[in-house]
Amino acid sequence: MQQTTNQLNQFPPYSALIPLLTLLKDIYSEANFGFKITTVVGSVSSVLPTNKVVVAVSQEESAQELVEVPFDFLIIGTGMKYPLYKGELSSLVHRKEEIERLANKLKTAKSIVLVGGGPVGVETAGEILSTYPNKSVTLIHIGSKLLDGSSYFVRLKATATLKSQGATVLLKQKIQSVQTQQPGLPQLIQTSRGKLVEADVTITTTGNGSPNTEFLEENFRHSLTPKGLVKVSKSLLVYKTANMFALGDVPDLPTFGKLYANIPQQTKIVINNLTQLMNYQLKKSDTLPKLAEYGKGMKSPMVISIGPDYGIKVEKGFFKWFTAGLQIGHMKTAWFNQFAASRKKQEEAH
């Protein structure tokens, strides 16, 4: 495992970025599908229900123009904005800069504080401790145990593992105040129980992101919750629409339904229902189709890695503890190792 991890760390932090545009052009080529697929890069500003047109602002080569893209069906999968990344722009250049900045901060920091002990917080703490075992890592969580919603034994095991790796876990408390000291000195964080913690870097891992649904507010406000999530039926159709679907993080679904392992089922449901509705519109079917419902027969497990050597698999109320030598560590730590550890490894090699 160590050899594989070192190989992963040869790459610069931003190499973890996926060139989606290139992949889309290669995969969804006319040669593969027999018809042309157009890719538009930009920010969607609104959806017009009257003529069914999405208005986008192109960002290619810094030029901006309004582009109208007509649709018969629309699938919304715009995801969430999370506190880890503050930037609003999503171009490859800006994303590289963001990753470089955070990687450099982690590299030079002596003390790191994570706020939120869900799956993201637990996994991030494990990755940092694996990459930088000598750094001070503190995880602050408002719950009585980490991984709210999991079984008692899963939560207990995750807490004990992080502590054994050197993490300080502060439970039943949240950040009360943050005091910025002189330049060059760490921030001083006070928790709701009076605990003082130094932090060179603070990372919010609560998962309380905000959905990217501003473009729906003008004409589809009735389809949004107060938090901006998209209301959907069990068939993943957007509320009060017959040709718009939502999947991923943006639909108003229980948190479990948004786990990465369950996204493929969402995709299958949308594709199945979209096909049926298209056939109905093309008069290939005379009866209104019975659409598939999301959530029925879900069997996808939840997998949580704690560094490259440990992981927990939760399925049907049971959990299994994974140790070194299994692929789970590689599955979910490759990105972080490329992102945070590559520079450190490169310098050690010279």
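Okay, so let's go over this structure. (Residues numbered from 1 in each chain as written. Predicted model: local features only at pLDDT ≥ 70, side-chain atom pairs only at ≥ 80, totals over all residues. Heavy atoms only, no water.)

### Description of the sheet that holds strand S9 (residues 175–179)
Spatial strand order, S9-S10-S11: three strands in an open sheet with antiparallel pairing. Of all strands in the sheet, those bounded by a partner on one side alone are S9 and strand S11 (196–199). Across the sheet, the axes of successive neighbouring strands diverge by a mean angle of 25°, strand direction being ignored. Where S9 and strand S10 (residues 187–191) come together, four bridges link them in antiparallel fashion. Counted as the bridge partner of Val178 is Ile189 from S10. (Pairing = 2+ DSSP bridges. Helix = DSSP H or I, 4+ residues; strand = E, 2+ residues; numbered from the N terminus. Axes fitted to C-alpha atoms, helices over the stretch in contact; angles between N-to-C directions.)

### Thoughts on the pairing of strand S12 (residues 201–204)
Of the two faces of S12, the one holding Val201 and Ile203 is buried and the one holding Thr202 and Thr204 is not buried anywhere. Bridging between strand S6 (residues 111–115) and S12 involves four bridges; their strand directions are parallel. Bridge assignment links Leu114 to a residue of S12, and that residue is Ile203. (Buried < 20%, exposed > 50% of the residue type's maximum accessible area, 1.4 Å probe, protein only.)

### What about the environment of Leu216?
In this structure, Leu216 sits in the loop between strand S13 (210–211) and helix H7 (217–220). Residue Leu216 is classed as buried on the basis of its relative accessible area of 2%. Separated by 168 residues in the primary sequence, Leu216 and Leu48 place their C-alpha atoms 8.9 Å from one another. Ignoring anything within four residues of it in the chain, the contact list for Leu216 reads Val47, Ile76, Arg221, Leu224, Val230 and Met244. (Contact = heavy atoms within 4.5 Å.)

### Considerations on the sheet that holds strand S7 (residues 136–140)
One open sheet accounts for four strands, arranged S8-S7-S6-S12; its pairing is parallel. Of all strands in the sheet, those bounded by a partner on one side alone are strand S8 (168–170) and S12. Ignoring strand direction, the axes of neighbouring strands in this sheet form an average angle of 20°. With three bridges joining them, S7 and S8 adopt parallel strand pairing. For Ile140, the partnering residue across the bridge sits in S8 and is Leu170. Together, S6 and S7 form the strand contacts of helix H5 (residues 119–131), whose direction differs from that of S6 by roughly 165°.

### As for a nonpolar patch on the surface
A surface patch of nonpolar side chains, amounting to about 330 Å² of accessible area, comprises Tyr152, Phe153 and Leu156. Mapped onto the elements of the fold, Leu156 is located in helix H6 (residues 152–164). For Leu156, a relative accessible area of 34% gives the class partly exposed. (Patch = residues over 30% accessible without salt bridge, like charges linked within 9 Å, V, L, I, M, F, W, Y side chains within 5 Å. Areas by Shrake-Rupley, 256 points an atom, 1.4 Å probe, with all protein chains shown as cover. Salt bridge = Lys/Arg side-chain N within 4 Å of Asp/Glu carboxyl O.)

### Quick notes on helix H8 (residues 263–281)
With 19 residues, H8 should cover 27 Å at 1.5 Å per step; its first-to-last C-alpha distance of 27 Å lies within 8% of that length. Positive phi appears at Lys283, one or two residues downstream of H8, with a value of about 65°. (Expected span 1.5 Å × (residues − 1).)

### As for the packing of aromatic side chains
The tally for this structure, following the rule as stated, stands at one aromatic pair. Ring centres of Tyr152 and Phe153 lie 5.5 Å apart, and the angle between their planes is 80°; on these two criteria the pair is classed as edge-to-face. Take Phe153: its relative accessible area is 54%, and that puts it in the exposed class. Sitting over the ring of Tyr132, Lys135 keeps its end group 4.7 Å from the ring centre. Sitting above the plane of the Tyr239 ring, Lys231 keeps its charged end 5.2 Å from the centroid. (Phe/Tyr/Trp six-rings, centres within 6.5 Å; stacked < 30°, edge-to-face > 60°. Lys NZ or Arg CZ within 6 Å of the ring centre and 35° of its normal.)

### Let's talk about H5
The terminal C-alpha atoms of H5, which comprises 13 residues, lie 18 Å apart, in line with the 18 Å expected from a rise of 1.5 Å per residue. Here H5 lies mainly inside the structure; 10 of its 13 residues are buried. For H5, the complete set of buried residues consists of Gly121, Val122, Glu123, Thr124, Ala125, Gly126, Glu127, Ile128, Leu129 and Thr131.

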